[in-house]
Amino acid sequence: MLLNQDRATTVLIRLRIPAQLHQEPIISRLISQHQLTVNIKAAILGANAKGDGWFTLELNGNQTQIQDALVEMKELGLEVWDETEIDGW
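Residues numbered from 1 in each chain as written. Predicted model: local features only at pLDDT ≥ 70, side-chain atom pairs only at ≥ 80, totals over all residues. Heavy atoms only, no water.

K.L.:
How would you summarise the overall build of the protein chain if you had to cite specific residues and measurements?
P.N.:
Helix and strand content of the protein chain: two helices and four strands. In sequence order, the protein chain lays out its α and β elements as β-α-β-β-α-β. By the burial criterion, 38% of the 89 residues in the protein chain qualify as buried. Sequence-distant contacts in the protein chain: of pairs separated by 6 or more residues, those separated by 24 or more amount to 74%. About 5600 Å² of surface is accessible on the protein chain, with carbon and sulfur atoms providing 52% of the total. (Helix = DSSP H or I, 4+ residues; strand = E, 2+ residues; numbered from the N terminus. Buried < 20%, exposed > 50% of the residue type's maximum accessible area, 1.4 Å probe, protein only. Contact = heavy atoms within 4.5 Å. Areas by Shrake-Rupley, 256 points an atom, 1.4 Å probe, with all protein chains shown as cover.)

K.L.:
Would you mind going over a nonpolar patch on the surface in detail, with residue names and values included?
P.N.:
On the surface, a cluster of nonpolar side chains totalling about 310 Å² of accessible area is made up of I44, W54 and W81. Looking at the element boundaries, W81 is found in strand 4 (residues 79-85). With relative accessibility at 30%, the residue W81 sits in the partly exposed group. (Patch = residues over 30% accessible without salt bridge, like charges linked within 9 Å, V, L, I, M, F, W, Y side chains within 5 Å. Salt bridge = Lys/Arg side-chain N within 4 Å of Asp/Glu carboxyl O.)

K.L.:
Break down the pattern of salt bridges for me, citing the residues and quoting the values.
P.N.:
Within this structure, the stated rule accounts for four salt bridges. In this structure, E24 and R29 form a salt bridge, with 2.7 Å as the shortest nitrogen-oxygen distance. In this structure, the salt-bridge partner of E58 is K41, at a minimum N-O distance of 3.9 Å. Note that E58 is positioned in strand 3 (residues 53-62) and K41 in strand 2 (residues 37-44), a separation of 17 residues in sequence. Accessibility expressed as a relative area gives 17% for E58, which makes it buried. One salt-bridge network, in which partners are shared between bridges, spans R16, D52 and E79.

This is the structure we're talking about:
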């Protein structure tokens with residue numbers, strides 16, 4: 001069965017960004033490099049940014065864009081979990 005890779009979808013993920021990557025524009029890259037719309041649903045990042053950052057993100061785009069973004073995040077060593085597709089099947 002072939003999936004329509006151009007079908008718009010929304011995925012909810014949880015993401016941990018380690019302290020050493022706080023200066024990297026991770027969320028900005030999701031938008032600019034993968035043409036995703038990103039909605040930050042929740043975030044925990046200390047005022048001094050000494051610990052890890054925790055985010056709940058809603059990613060909107062087509063399946064290929066989302067999959068490419070998830071691969072890149074994992075290659076950067078970010079923990080990504082709860083990849084729940086909201087509106088697709």
